[in-house]
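Results of the structural survey
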Amino acid sequence: MLKVVSQSTKVKDKFRDRFSTTKSVQQETTKVKELKEKIKELENSSLVAETSTGKFLISLDRIEPSKQCRQTFTESVIQKRMQSLSREGQLDPLVLVPVSETEALSDRKYQIEDGEVTFRAAKRLVEQGDTQWEYLEAVLSNIEDLDTIHFRTLLHHLHSEGLNPLDRAESIFAEINLQLQIETEMAVKLLRNIVYRSSRDIALAEAIANYDLEQRYQEYLRQQLEAEQIKLITLFNRLQVELGSFVKNDLAMLELKKNLKTAIRKRELPCHQAKIINTLSSKTLAINEEETEQIRNEVLEHVLINQLSVGKTRKYVSEIIEANGKKKSISNNQVKQNYQQIKTGLQKLPIPQLNKAQLTALKSVMLKQLSAINQELMDD
């Protein structure tokens, strides 16, 4: 009888322990749920109280990509910001723009006007398990239209020199497309025309430099330039970008091959070296584009692996162009020698001494060559 009671007691104890554990889990789940609700509540109250006057906390999942002019975020840049966040904390708040005013505060999404690197670094830290960066400090931007984010970020980076030449060139042309509705190819022609003419006309150069200052300069430009060119000058003045320098130094970035642009943005290839490598073209090497691309890729890898300076890169590329030019020269000399030998041989050919079979074969070859010569002459 005592044994039965003892077993019954053990069964009750097990059920009681299991129930206690289940109850404990339920209590913990409830606490977590309450904490999450409390965080959301605090976030919302923070938004309500401080959106117009100061900082507020916001979760990363409520931030969306914007029309950011900066596209180059190298691994070293992200890593350095991750280290800074871990050691020093968030030094500057994100500057955000609400995507929609109609949504509830708890669901509203935001786009970044400033703070993209911090945002990306925080996301990376969270992915690595550092959950303290699920929320970042932010302030609201004073802009009213999402379409102006690109212009504002462009202006900010131009003044802080935070853009490399590739991002700067592409962003300015994106703004030209957006604001002026001028296609890139046409804009390039118009800008080059402005710079070419102003380099030969002192009065025009003076009017461009002082366009915003006096009415007489504006009148002069209207007489000298097309309306779209004046729009371009106005935009460059707003951006405070010197037009001549931009055309001379930055336009070449648009002509870079795709793999060179990728190397700038992903592998930290300096823009000046990318421009030098880009001079390896089918024209400068006098070979087809497929062979040229292979040479360019080999040069790119050599420059990156050996960390060549701008000067050494220029020398290396020059040597390749020069060596290829010598090959072309040797080839042309060989063609000239063959031509002279064939011409002389035909002139000395003892036709009367050839038999019928030899004459027939020779005629067939010469007719084919004559057809090829006629075709070349027609193409010219």
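Note that the coordinates shown come from a computational prediction; the quantities given were computed from them, not determined experimentally.

About the cut-offs
Residues numbered from 1 in each chain as written. Predicted model: local features only at pLDDT ≥ 70, side-chain atom pairs only at ≥ 80, totals over all residues. Heavy atoms only, no water. Core = buried A, V, L, I, M, F, W, Y, C linked by side-chain atoms within 4.5 Å. Buried < 20%, exposed > 50% of the residue type's maximum accessible area, 1.4 Å probe, protein only. Contact = heavy atoms within 4.5 Å. Helix = DSSP H or I, 4+ residues; strand = E, 2+ residues; numbered from the N terminus. Polar contact = N/O pair within 3.5 Å; in protein donor to acceptor, adjacent residues only side chain to side chain. Phe/Tyr/Trp six-rings, centres within 6.5 Å; stacked < 30°, edge-to-face > 60°. Lys NZ or Arg CZ within 6 Å of the ring centre and 35° of its normal. Pairing = 2+ DSSP bridges.

**Focus on the nonpolar core**
The biggest cluster of nonpolar side chains holds 55 residues, and the ones touching the most others in it are Ile176, Leu221, Phe246 and Leu269. Setting aside chain neighbours within four positions, we find Ile176 in contact with Gln181, Ile182, Ala187, Leu232, Leu235 and Phe236. Phe56, Ile63, Trp133 and Leu136 belong to the second largest nonpolar core, which has 20 residues in total.

**Some remarks on the side chain of Ser59**
Mapping Ser59 onto the fold places it in strand β1 (residues 56-59). Of note is the side chain of Ser59, whose polar atom sits 2.6 Å from the side chain of Asp61.

**Here's the deal with the packing of aromatic side chains**
Here the structure, examined in full by the defined rule, presents three aromatic pairs. Here Phe56 and Tyr110 contribute two aromatic rings whose centre-to-centre distance is 6.0 Å and whose plane-to-plane angle is 45 degrees, an arrangement assigned as tilted. Taken together, the residues span a long stretch of sequence, with Phe56 in strand β1 and Tyr110 in strand β4 (residues 110-114) at a distance of 54 residues. Classification of Phe56 by relative accessible area gives buried; the value is 1%. With relative accessibility at 0%, the residue Tyr110 sits in the buried group. Seen from their ring centres, Phe173 and Phe246 are 6.0 Å apart, and the 35 degrees between their planes marks the pair as tilted. A residue pair is termed long-range when its members are at least 10 positions apart, and Phe173 in helix α5 (residues 165-180) and Phe246 in helix α10 (residues 243-249) qualify at 73 residues. Pair check on accessibility: Phe173 and Phe246 agree, each one buried. Cluster of aromatic residues (ring-pair linked, three or more members): Phe173, Phe236 and Phe246. Cation over ring: Arg216 sits above Tyr217, and NZ or CZ is 4.4 Å from the ring centre.

**Brief notes about the side chain of Gln273**
Along the chain, Gln273 turns up in helix α12 (residues 271-278). With relative accessibility at 4%, the residue Gln273 sits in the buried group. If we ignore the near neighbours within four places in the chain, the residues touching Gln273 are Val303, Leu308, Ser309, Val310 and Thr313.

**What to know about the sheet that holds strand β2 (residues 63-64)**
What the five strands build is an open sheet, ordered β1-β5-β3-β4-β2; its pairing is mixed. Single-partner strands in this sheet number two, and they are β1 and β2. Examined bridge by bridge, β2 and β4 share two bridges and lie parallel to one another. From the neighbouring strand, Glu64 faces β4, where its bridge partner is Gln111.

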